[in-house]
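What follows is the residue order along each chain.
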Amino acid sequence: MKKEKLIIFDTTMRDGEQSPGASMTKDEKLRIARQLERMRVDVIEAGFPAASDGDFEAVKEVAAIVKDSTVCGLARANENDVRRCGEAVKGARSPRVHTFIATSPIHMEKKLRMEPSQVVEQAVKAVKWARAYTDNIEFSPEDAGRSDLDFLCRILEQVIKAGATTINVPDTVGYTLPEHFGGIIRRLRERIPNSDRAVWSVHCHNDLGLAVANSLSAVLNGARQVECTINGLGERAGNASLEEIVMAVRTRQDVFPCDTNIDTTQIVPASRLVSGITGFAVQPNKAIVGANAFAHEAGIHQDGVLKSRDTYEIMRAQDVGWNANKLVLGKHSGRNAFKARLTELGIELSPEEALNAAFKRFKDLADKKHEIFDEDLQALVTEENLEHAVNEHFRLVSLTAHSETGVSPYAKLVIAEDGKERRSEARGSGPVDASFKAIETIVKSGAELLLYSVNAITTGTDAQGEVTVRIAKGGRIVNGQGADTDIVVASAKAYINALNKLHSTLERLNPQV
Ligand code: KIV
Ligand code: ZN
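All of these numbers come straight from a predicted model, not from anything done at the bench.

Criteria and thresholds
- Residues numbered from 1 in each chain as written.
- Chains lettered and ligands numbered in written order.
- Predicted model: local features only at pLDDT ≥ 70, side-chain atom pairs only at ≥ 80, totals over all residues.
- Heavy atoms only, no water.
- Salt bridge = Lys/Arg side-chain N within 4 Å of Asp/Glu carboxyl O.
- Helix = DSSP H or I, 4+ residues; strand = E, 2+ residues; numbered from the N terminus.
- Buried < 20%, exposed > 50% of the residue type's maximum accessible area, 1.4 Å probe, protein only.
- Core = buried A, V, L, I, M, F, W, Y, C linked by side-chain atoms within 4.5 Å.
- Domains from an automatic or database assignment.
- Contact = heavy atoms within 4.5 Å.
- Pairing = 2+ DSSP bridges.
- Axes fitted to C-alpha atoms, helices over the stretch in contact; angles between N-to-C directions.
- Near = heavy atom within 4 Å.
- Polar contact = N/O pair within 3.5 Å; in protein donor to acceptor, adjacent residues only side chain to side chain.
- Areas by Shrake-Rupley, 256 points an atom, 1.4 Å probe, with all protein chains shown as cover.
- Nonpolar A, V, L, I, M, F, W, Y, C, P; charged D, E, K, R; others polar.
- Parallel < 35°, antiparallel > 145°, perpendicular 65-115°, else oblique.
- Left-handed = near helix turned anticlockwise from the far one by under 90°.
- Expected span 1.5 Å × (residues − 1).
- Right-handed = clockwise from strand over helix to strand, strands pointing away.

## Points about the pattern of salt bridges
Going through the model one piece at a time under the given rule, you end up with 30 salt bridges. The partner of Arg191 in a salt bridge is Asp150, and the shortest N-O contact between them spans 2.5 Å. Placement of Arg191 in helix α7 (residues 178-191) and of Asp150 in helix α6 (residues 149-162) is noted, with a sequence separation of 41 residues between them. You can call Arg191 partly exposed: its relative accessible area is 42%. Through salt bridges with shared partners, a single ionic network connects Arg14, Asp15 and Glu45.

Here's what the structure looks like:
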């Protein structure tokens with residue numbers, strides 16, 4: 001019997017982007033969108049167009065390039081947001097407007113300061129405004145997990161009547177439990193007279209670590225769209241993770257009456273891409289995409305796996321895109337081979353100068369590191385994009401770092417500030433500390449360092465180190481990244497990248513505010 005379809009709605013570029021420090025540039029969004037399309041995600045929520053002109057442009061461009069997935073934008077239930085969103089997505093082959101308003105007593109009273117009847121009226125108006133742009137309209141009653149069921153029935157019946165085609169039920173604060181949340185979906189579908197005219201969707205947050213469990217419970221109770229993000233990125237503790245939802249449904253087809261259309265072999269590349277772009281590293285024991293997810297350490301497990309993989313493996317690593325590192329290019333590879341491999345990886349660099357600059361980086365890297373893997377190429381392109389994405393107010397020109405047992409480490413560097421070279425040197429507890437101090441002597445940002453992490457991109461001692469730093473100043477939090485075979489240089493690049501982001505005035509709104 002043919003299974004029903006479970007629609008996968010990815011909101012990495014909207015809810016995921018709302019994680020502190022995870023904001024994405026237009027080019028980064030385009031790269032993620034291409035990967036999501038390659039993975040056959042059904043709906044891509046590309047951003048919140050009313051948040052900023054930058055996000056409007058990003059959503060518009062994603063709408064222009066994506067052909068096989070529906071492209072969606074988010075809008076609060078007011079005329080300006082809905083129009084901005086409609087304008088941003090209308091160029092898509094399949095556009096969707098997603099509008100929302102809060103429905104829980106606490107949000108209506110304390111945040112919106114609106115009466116329930118005003119909230120219903122506003123929601124209906126928003127759906128009608130959206131109809132000027134598309135018939136594909138999604139409505140979300142924000143904080144549905146803490147809303148009154150009778151009120152949800154009342155408002156949802158009205159928005160379906162007004163033209164909403166997808167009803168998305170969010171557990172905005174991650175408060176519900178699986179049985180409870182599944183029950184909400186079942187009862188809404190049973191009690192709302194026109195419920196069969198909409199697709200039922202869920203959007204769960206992970207504050208109690210239950211986002212995936214709640215979403216799957218909803219699917220068992222009739223939801224046919226799940227909103228999720230790569231690596232579970234998202235506000236606070238994040239959203240339901242796409243890879244876990246997809247693989248749970250795929251692996252337990254004995255339980256689920258539906259299946260997704262996802263090409264699961266694209267999951268690990270998508271995870272890597274998103275973690276590279278946002279600087280949010282994936283924990284090693286994360287299901288599906290963590291480095292240890294398929295590693296068997298205990299002797300008894302290894303013995304079993306060697307005899308027959310299915311003794312301990314319920315999924316195959318290669319089915320979710322784990323491949324042995326592939327040697328792709330070397331020192332003598334030419335520009336065409338480089339470009340062809342990038343195309344195979346779904347990376348298009350244009351204009352021509354961007355490709356030339358990336359090729360030069362590749363040659364420099366190949367001089368230091370003889371074997372270049374896909375992961376190296378991805379890091380190299382991320383670096384290239386990072387430098388172009390933010391206005392490079394500060395640029396690392398050169399760095400000398402010295403460490404010797406018994407001698408206090410120091411760093412000496414040259415930074416170009418708006419093209420003008422400035423020099424400094426400093427001592428520190430290690431060469432990384434010394435170089436950050438030397439940078440700070442020039443930049444004087446006064447920013448607080450919240451996170452510093454190093455990740456080896458591939459195996460071997462000649463691997464590139466990928467460094468992420470997170471800094472905060474005046475309530476703004478930004479992530480910076482840098483990669484190099486020398487981790488002191490990678491660290492300095494990452495710090496400077498973060499400082500450039502802090503320096504840029506690009507501001508975004510959070511839709512919930
Ligand atoms: O968590 C939430 O309620 C949301 C909505 C805007 C869908 O992100
Ligand atoms: Zn959310």
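## With respect to the nonpolar core
By size, the foremost hydrophobic cluster in this structure holds 91 residues, and its most contacted members are Phe139, Leu156, Ile167 and Leu188. Tallying contributions element by element places α6 first for this core, with 9 residues. Here this core spans two domains, since at least three of its residues come from each of domain 1 (4-278) and domain 2 (294-324). Excluding residues that lie within four positions of it along the chain, Ile167 makes contacts with Phe139, Leu156, Val159, Ile160, Ala198, Val199, Trp200 and Ser201. Judged by nonpolar contacts, the second largest core, of 26 residues, contains Ile439, Val467, Val469 and Ala494.

## Things to note about unusual backbone geometry
Glycine aside, residues mostly have negative phi, and peptide bonds are mostly found in the trans state. Of note, the phi angle at Asn231 is positive, near 60 degrees, even though the residue is not glycine. The residue Asn231 is located in the loop between β9 (225-228) and α9 (242-251) in this model. In this structure, Asp418 is a non-glycine residue whose phi angle is positive, near 50 degrees. Note on placement: Asp418 falls in the loop between β14 (407-417) and β15 (420-427).

## Re the sheet that holds strand β3 (residues 43-47)
An order of β2-β3-β4-β5-β6-β7-β8-β9 is seen for the 8 strands of this closed barrel, with the pairing classed as parallel. Averaged over all pairs of adjacent strands, the angle between their axes in this sheet comes to 25 degrees, without regard to strand direction. Two strands pair when backbone bridges link them, and strand β4 (residues 70-76) and strand β5 (residues 95-102) are joined in this way by 6 bridges, in the parallel orientation. The residue of β5 that forms the bridge with Ala75 is Thr99. Where helix α1 (residues 26-38) meets the sheet, it contacts β2 (7-10) and β3, and its direction lies at approximately 175 degrees from that of β3.

## Some thoughts on the site of ligand 1
If you check the shell around ligand 1, you find Arg14, Asp15, His98, Phe100, Ser140, Glu142, Asn168, Pro170, Thr172, His203, His205 and Gln512 and nothing else. Note that an oxygen atom of ligand 1 is positioned 2.9 Å from one of the side-chain N or O atoms of Arg14. Contacts to ligand 1 include Asp15, whose side-chain N or O atom sits 3.0 Å from an oxygen atom. Expressed as a share of its isolated accessible area of 260 Å², the protein-covered part of ligand 1 is 100%. A per-class count over the shell around ligand 1 returns 2 nonpolar, 7 polar and 3 charged.

## So, the packing of helix α5 (residues 116-130) against α6
Contact geometry for α5 and α6: axes closest at 9 Å, N-to-C directions at 25 degrees. Regarding the angle of α5 to α6, the classification is roughly parallel. As for how α5 packs across α6, the hand of that crossing is right-handed. Residue-level contacts link Pro116, Ser117, Val119, Val120, Ala123, Val124, Val127 and Lys128 of α5 to Phe151, Arg154, Ile155, Gln158, Val159 and Ala162 of α6. Its residues assigned to classes, the contact of α5 with α6 shows 10 nonpolar, 2 polar and 2 charged.

## Regarding the sheet that holds strand β13 (residues 394-404)
The strand order across the open sheet built from 3 strands is β13-β14-β15, with neighbouring strands paired in antiparallel fashion. Taken across any chain shown, the strands that pair with only one partner, and hence form the sheet edges, are β13 and β15. For this sheet, the mean angle separating the axes of adjacent strands, direction not counted, is 10 degrees. Here β14 pairs with β15 via 8 bridges, running antiparallel.

## Structural notes on the domain arrangement of the protein chain
The domain boundaries assigned to the protein chain delineate domain 1 (4-278), domain 2 (294-324), domain 3 (326-385) and domain 4 (390-503). Measuring from the centre of the C-alpha atoms in domain 2 to the corresponding centre in domain 4 gives 39 Å.

## Thoughts on α5
Along its 15 residues, α5 runs 21 Å from first to last C-alpha, staying within 8% of the 21 Å computed at 1.5 Å per residue. Along α5, the residues that are buried comprise Val119, Val120, Gln122, Ala123, Val124, Ala126, Val127, Trp129 and Ala130. Tucked inside the fold, the buried residues of α5 contact α3 (79-89), β5, α4 (105-112), β6 (137-142) and α6.

## Structural notes on the pairing of β5
Counting buried positions over the 8 residues of β5 gives 8, a clear majority of the element. Neither face of β5 is open: one carries Pro95, Val97, Thr99 and Ile101, the other Arg96, His98, Phe100 and Ala102, and all of them are buried. Read from β4 through α3 to β5, the crossover connection turns out right-handed. In the sheet, β5 pairs with β6 via 6 bridges, with the strands oriented parallel. Bridging from a neighbouring strand, Thr99 pairs with Phe139 of β6.

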